[in-house]
Amino acid sequence: MRFFFLFITLLVSLFGFAQNEQLAQYYYEKGDFEKAKIGFEELLQNTPQNTQYFLRTIDCYQQLQQFDVAEKAIQQRLDKYKQGTLLVELGYNFQLQKKEAKATSYYDQALERIKKNPMEVYGISTSFERKVLLEYALKAYQTAIAIEPNDNFNFQIGLLYGQLGNTEMMIATFLDDAYKNPQNAIRIQNQFVRYLADDGDANFNEMLRKALILRTQKNQDIFWNRYLSWFYVQQKEFEKAFVQEKAIYKRNPESLNSIVNLAQLAIEEDNQEAAQEILVFVLQNTKDLELLIQANSYLMEMRIEKATEKDLPIINTDLSNLLREYEISPFTLSLQLIQAHFVAFNLKKPEEAKAIVKKALELRLNEYDAAKAKMELADIFLYEEKFNQALLYYSQIELDLKNDVLAHEATLKAAKTSYFKTDFDWALKQFKELKAANTQLIANDALEYFLLINDNTAADSTQTALKQFAKGDCLLYQNRNQEAIAQFQSILKSFKGQEIEAVTLLRLGQVYEKLGDFTLALSQYQSIIDHHAEGIYSDEALFFSAEIYNKELKEPEKAKSLYEKIIFNHQDSIYFVEARKKFRQLRGDTNL
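1. Comments concerning the overall build of the protein
In step 1: Within the protein, the regular secondary structure consists of 32 helices and zero strands.
In step 2: Over its C-alpha atoms the protein spans a radius of gyration of 32 Å, topping by over 25% the 25 Å that the globule rule assigns to 592 residues.
In step 3: With the principal axes as the frame, the protein shows a C-alpha extent of 90 × 65 × 65 Å.
In step 4: The buried share among the 592 residues of the protein stands at 47%.
In step 5: Taking contacts inside the protein between residues at least 6 apart in sequence as the whole, the part at least 24 apart equals 50%.
In step 6: A total of about 31400 Å² of accessible surface is found on the protein, and carbon and sulfur atoms cover 51% of it.
In step 7: Taking the average location of the 69 positive side-chain charges in the protein and that of its 83 negative ones, the two points are 3 Å from each other.

2. Digging into the pattern of salt bridges
Where charged atoms of side chains with opposite charge meet at close range, the side chains can pair.
In step 1: Scanning the model with the defined rule gives 29 salt bridges in all.
In step 2: Close ionic contact of D32 with K35 constitutes a salt bridge, the shortest N to O distance being 3.9 Å.
In step 3: A salt bridge links E112 to K115; the shortest N-O distance between them is 3.1 Å. Placement of both E112 and K115 in helix α6 (residues 100-116) is noted, with a separation of three residues, approximately one turn of the helix.
In step 4: When its relative accessible area of 43% is taken as the criterion, K115 is described as partly exposed.
In step 5: Residues participating in the shared-partner salt-bridge network are E351, K354, E384 and K386.

3. Quick look at helix α12 (residues 204-218)
In step 1: Along its 15 residues, α12 runs 21 Å from first to last C-alpha, staying within 8% of the 21 Å computed at 1.5 Å per residue.
In step 2: Among the residues of α12, those classed as buried are F204, N205, L208, A211, L212, R215 and T216. Projected down its long axis, α12 shows its buried positions confined to an angular sector of 135 degrees, all on one face. The exposed residues of α12 that point more than 90 degrees off its buried face are K210, Q217 and K218.

4. Digging into the environment of F174
In step 1: As for its position among the elements, F174 is in helix α10 (residues 167-180).
In step 2: For F174, a relative accessible area of 1% translates into the label buried.
In step 3: For the pair F174 and F331, spaced 157 residues apart in sequence, the C-alpha separation works out to 42 Å.

5. Overview of the packing of aromatic side chains
In step 1: Counted under the stated rule, the structure contains 37 aromatic pairs.
In step 2: Geometrically, the ring pair formed by Y122 and F153 is edge-to-face, given 5.6 Å between the ring centres and 70 degrees between the ring planes. Of this pair, Y122 sits in helix α7 (residues 121-130) while F153 is found in the loop between α8 (134-147) and α9 (154-163), placing the two residues 31 residues apart along the sequence.
In step 3: According to the relative accessible area criterion, Y122 is partly exposed, its value standing at 44%.
In step 4: Residue F153 is classed as buried on the basis of its relative accessible area, which comes to 2%.

6. Some details on the nonpolar core
A general feature of soluble globular proteins is that nonpolar side chains tend to end up buried together.
In step 1: Grouped together as the largest cluster of nonpolar side chains are 91 residues, with contacts concentrated most on Y394, Y419, F431, L452 and F469.
In step 2: Take this core: its biggest share by element is ten residues, from helix α21 (residues 367-383).
In step 3: Dropping the residues within four chain positions of it, F431 is found in contact with L412, A415, K416, Y419, A446, Y449, F450 and I453.
In step 4: Core analysis: the second largest hydrophobic core is formed by 86 residues, F128, Y141, F204 and L299 among them.

7. Here we look at a negative patch on the surface
In step 1: On the surface, E268, E269, D270, E301, E305 and E552 cluster together to form a negatively charged patch.
In step 2: On the secondary structure map, E552 appears in helix α30 (residues 538-552).

8. Focus: the confidence of the model for the protein
In step 1: Mean pLDDT for the protein: 92, with 95% of residues reaching 70 or above.
In step 2: Considering each helix and strand of the protein separately, the mean pLDDT is smallest for helix α1 (residues 2-30), with a value of 64, and largest for helix α19 (residues 333-345), with 98.
In step 3: With pLDDT under 50 throughout, residues 3-17 is counted as low confidence; its partners more than four residues away or in other chains account for four contacts.

Conventions and cut-offs
- Residues numbered from 1 in each chain as written.
- Predicted model: local features only at pLDDT ≥ 70, side-chain atom pairs only at ≥ 80, totals over all residues.
- Heavy atoms only, no water.
- Helix = DSSP H or I, 4+ residues; strand = E, 2+ residues; numbered from the N terminus.
- Rg over C-alpha atoms; globule rule 2.2 N^0.38 Å.
- Buried < 20%, exposed > 50% of the residue type's maximum accessible area, 1.4 Å probe, protein only.
- Contact = heavy atoms within 4.5 Å.
- Areas by Shrake-Rupley, 256 points an atom, 1.4 Å probe, with all protein chains shown as cover.
- Lys, Arg positive; Asp, Glu negative; His and termini not counted.
- Charge placed at Lys NZ, Arg CZ, Asp CG, Glu CD.
- Salt bridge = Lys/Arg side-chain N within 4 Å of Asp/Glu carboxyl O.
- Expected span 1.5 Å × (residues − 1).
- Arc of directions from axis to C-beta.
- Phe/Tyr/Trp six-rings, centres within 6.5 Å; stacked < 30°, edge-to-face > 60°.
- Core = buried A, V, L, I, M, F, W, Y, C linked by side-chain atoms within 4.5 Å.
- Patch = residues over 30% accessible without salt bridge, like charges linked within 9 Å, V, L, I, M, F, W, Y side chains within 5 Å.
- pLDDT = per-residue confidence, 0-100.

In structure tokens:
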């Protein structure tokens, strides 16, 4: 029983101590330094070795301009603990009083401590940084390296150069460190990405490019080719990245995987010309079956995406020839599924397509490949509007690959299936859950459908317009574009001025854009901009219009104007970052 009461007493004491800390911190953050000082003094009295409480107490003295009290407390602690960081605190206390000579004297003493004991650099440099005395923090690291040349502080020094605005030295320091310590390369690249993305020095990209090219010319190590390739990928200049990857391959022809990955990145960024050039190179330089299948799969998918009606017979023949050449096996699954999708969605032969997938499922597939085949089969059932069969297979994938990206994709498709069959209550519930998905594309897609159902149900409890719209979306899914256009145009006539109008115009614009009729696409987007400027689709209309002018019509001034409207009027848009980047590119710099 005695131990029990001792335990309770200790628990209450700890709880009270935590409360006192929270209270002191509350007053400190609120700017009530008199009350915060009393709280931290009490905490420091109970735990005098606690550095955080001490620094907070000193800061309160300084905020209250009690510099003599602060000096006395720091000097007493210095006498007791002999810590070099306290010399920085003393110097800063004098700096706050405009006593620059005394401040400099203590800062120099701190640097002298590093000469005697280089291990003190960690605490002293951190103290300088905390006081935003960046030049002194830099000197601290340089002093330590002069004594111990084998110590590596290049990353910290590079960061300081960046904070000081010395971009050239930051780049040089980081690159030298990346070369000497390859294990740091990714961490350094992450720092570069921040500068590439931020509103920093407008010349940063050019300075980094020149620094990398210079090192590539001076040093034949493929390390620099890889780094330069990485840089060009960040700029989405895939053709230039490919030049570097070819140089690497010629000197080290062991693997083409990085080149295939580059092609995949080009495809994701819709640079099909670069992707095709890269993939043809792969086909010409490998006999590896896996790479041959992968390259041919990417090439066929690109051909199908851009195909017109007259291209379909030759594509069908080429797919059959490829499968005849590489044979039906687990290794050629990607080609088999591409063929099945093409036969169903382009040739409109779902029964034949299902037979292809079912034959693939008879192969000895691993769990993940079997799930991909089931996904294609479900997609074909959905094409046929056999909703229950589609849901059955999507559910199997969700169970087989719990928490996998493919499982989340199956969940999204199941939600869309419910939406197509106008089971809006269930679809809304699924889309709501998927808004929090780890994969951004799935989360964004789910959010779009959630808002669509939610807004249009609130506006029309009978969901009449929404049912018509879901029918149009289903026709789009089935690749029946002209029928979808007629459906959406009918909605515009029947529900003019209602909630459904803006999103219908958006869909029509997207269909016309897909079919290459950019004039009609722009007219739909312009209707949203003119008549639904306050709605949730105006940012999309602006962005899609800008992209057409930028990429398709090659009218950069019109594109720039539209990107600018997103920047200034739609800061919360998911297209904000991309619009800002495109705007800068068109203006020729990286600053707003």
